[in-house]
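Given next are the chains, with one letter for each unit.
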Amino acid sequence: MSSAVSLIVGLTGGIGSGKTSVADRFAELGAAVVDTDVIAHELTSAQGAAMPAIIQTFGGGVLQKDGQLDRAAMRRLCFSDPAMRNSLEAILHPLIRSESVARCRREANADHAPYVLLVVPLLIESGAYHEHIDRILVVDCDETQQIARVMARSALSEKEVHDIMATQASRAQRLAVADDVLSNTGARDELLIGIQALHRRYIELGRRAGVTEHV
Ligand code: ATP
């Protein structure tokens with residue numbers, strides 16, 4: 001991606017691993033953050049760009065009263081029927097990808113941040129972002145911690161969290177392709193030291209890449 005900012009870091013991790021918490025800390029330090037989950041929510045809001053195709057494919061039964069996508073109903077539908085899941089992904093994934101790449105470009109060209117962090121929960125599984133990122137940062141924690149944290153913040157049962165995890169890459173698969181790993185197995189405060197170190201490293205990598213690009 002040719003731009004004023006020269007480093008795009010793809011941030012990923014399993015459900016509940018701490019991606020949002022980590023991305024928020026990077027943003028506080030000055031990184032530009034583009035979050036595909038935020039984009040997915042926007043696309044499936046009442047006036048979202050994905051809604052006409054979703055209504056045409058699934059009917060009005062997957063909407064909440066205010067017209068936004070009923071995510072829990074959709075999740076149940078997709079889990080019981082892989083064809084439904086494929087249809088939803090065929091609508092959403094290209095839209096999410098093109099919007100997130102466009103936002104990364106805008107952030108890079110605005111040149112107000114030293115690098116861009118692109119948050120993609122299924123970065124490794126989809127493979128669709130690799131040409132757009134320079135390195136992969138994995139947020140890692142134990143699977144038991146993932147389950148406990150997701151259950152604490154949502155109405156999902158342990159089995160439902162397990163089922164979602166089964167559709168995602170394993171911890172070992174993620175760690176195998178990581179350029180950088182942030183361990184989120186401890187207290188939140190412990191994370192910050194690792195984030196600050198990576199922030200300094202990304203500034204330096206971005207600077208070096210920028211120099212090389214302009215030689
Ligand atoms: P998802 O994949 O579901 O979007 P995520 O990877 O973005 O999740 P977060 O939302 O950052 O993960 O964290 C999941 C939950 O765990 C949140 O409620 C968060 O406050 C909590 N959490 C994150 N890190 C820690 C930690 N180190 N200790 C305790 N709780 C944590």
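Located above this text is the structure these notes cover.
Along every chain, residues carry numbers that run from 1 in the direction the sequence is written. In keeping with the predicted nature of the model, local features appear solely for residues at pLDDT of at least 70, side-chain atom pairs appear and are counted solely at 80 or more, and the whole-chain, interface and lining totals rest on all residues. To obtain the side-chain values, all non-hydrogen atoms of the structure were used and water was disregarded.

A. Quick peek at the packing of aromatic side chains. For Phe, Tyr and Trp, rings pair up if their centres lie within 6.5 Å, where Trp contributes its six-membered ring, and each pair is then called stacked (planes under 30 degrees apart), edge-to-face (over 60) or tilted (otherwise). Under the definition given, this model contains two aromatic pairs. Taking the centre distance of 6.2 Å and the plane angle of 25° together, the rings of Phe26 and Tyr202 count as stacked. One end of the pair, Phe26, is in helix α1 (residues 19-29); the other, Tyr202, is in helix α10 (residues 188-214), and 176 residues separate them in sequence. The exposure class of Tyr202 is buried, given its relative accessible area of 0%. With a centroid separation of 5.3 Å and 70° between ring planes, the pair formed by Tyr115 and Tyr202 is classed as edge-to-face. Of the two residues, Tyr115 sits in the loop between α5 (82-110) and β3 (116-119) while Tyr202 sits in helix α10, which places them 87 residues apart along the sequence. Of the two residues, Tyr115 and Tyr202, neither departs from the other in class, the shared state being buried. Helical segments are the DSSP runs of H or I of at least four residues, strand segments are the runs of E of at least two, and each set is numbered from the N terminus. Accessible area is worked out with a 1.4 Å probe on protein chains only. A residue is then buried under 20% of its type maximum, exposed over 50%, and partly exposed in between.

B. Here's a closer look at the site of the ligand. One heavy atom within 4 Å of a molecule or strand is enough for the residue carrying it to be called near that molecule or strand. Close to the ligand lie 15 residues; Lys19, Thr20, Ser21, Arg153 and Asn184 are nearest. Two N or O atoms form a polar contact when they lie within 3.5 Å of each other; inside protein one atom must be a possible hydrogen donor and the other a possible acceptor, and for residues adjacent in sequence the pair counts only when both atoms belong to side chains. Asn184 places a side-chain nitrogen or oxygen 2.7 Å from a nitrogen atom of the ligand. Gly186 is positioned such that a nitrogen or oxygen atom in its backbone is 3.0 Å from a nitrogen atom of the ligand. Reported accessibility uses the Shrake-Rupley method at a 1.4 Å probe radius. Residues are deemed covered only where the shown protein chains occlude them. Burial of the ligand by the protein chains amounts to 79% of its free accessible area of 630 Å². When contributions to the shell around the ligand are tallied by element, the ones reaching two or more residues are α1 and α7 (143-153). Among the elements that take part in the shell around the ligand, α1 stands out by supplying three residues, more than any other. For this scheme, ten residues count as nonpolar: Ala, Val, Leu, Ile, Met, Phe, Trp, Tyr, Cys and Pro. Four count as charged, namely Asp, Glu, Lys and Arg, and the remainder, Gly too, count as polar. Considered class by class, the residues forming the shell around the ligand number two nonpolar, eight polar and five charged.

C. Summary view of helix α3 (residues 51-58). Within α3, burial applies to Met51, Ile54 and Phe58. Taken around the axis of α3, the buried residues stretch over an arc of 60°, which confines them to a single face. Along α3, exposed side chains directed more than 90 degrees from the buried face belong to Pro52 and Gln56. Whether two residues touch is decided by their heavy atoms; if any such pair falls within 4.5 Å, the residues are in contact. Buried residues belonging to α3 abut α2 (36-43), α4 (71-80) and α5. Remark: Gly59 follows α3 within two positions and exhibits a positive phi of approximately 85°. Comment: arc refers to directions from the helix axis out to C-beta atoms.

D. Layout of the sheet that holds strand β5 (residues 180-183). For two strands to count as paired, DSSP must find a minimum of two bridges between them. Taken together, the five strands give an open sheet; going across it, the order is β2-β3-β1-β4-β5, and neighbouring strands pair in parallel fashion. The two strands at the open ends of the sheet, each matched to only one other strand, are β2 (32-35) and β5. The sheet shows a mean angle of 25° between the axes of neighbouring strands, taken without regard to direction. As a rule, the C-alpha atoms of each element are fitted with a line to give its axis, helices using only the stretch in contact, and angles between N-to-C directions run from 0 to 180 degrees. Each of β2 and β3 is contacted by α2, which is oriented at about 50° to β2, the strand it contacts most.

E. Examining the pattern of salt bridges more closely. What makes a salt bridge here is a side-chain nitrogen of Lys or Arg within 4 Å of a carboxyl oxygen of Asp or Glu, nothing more. The final tally for this structure, using the stated rule, is eleven salt bridges. Close ionic contact of Arg25 with Glu28 constitutes a salt bridge, the shortest N to O distance being 3.1 Å. Placement of both Arg25 and Glu28 in helix α1 is noted, with a separation of three residues, approximately one turn of the helix. Judged by relative accessible area, Arg25 falls into the partly exposed class, the value being 30%. With a relative accessible area of 58%, Glu28 lands in the exposed category.

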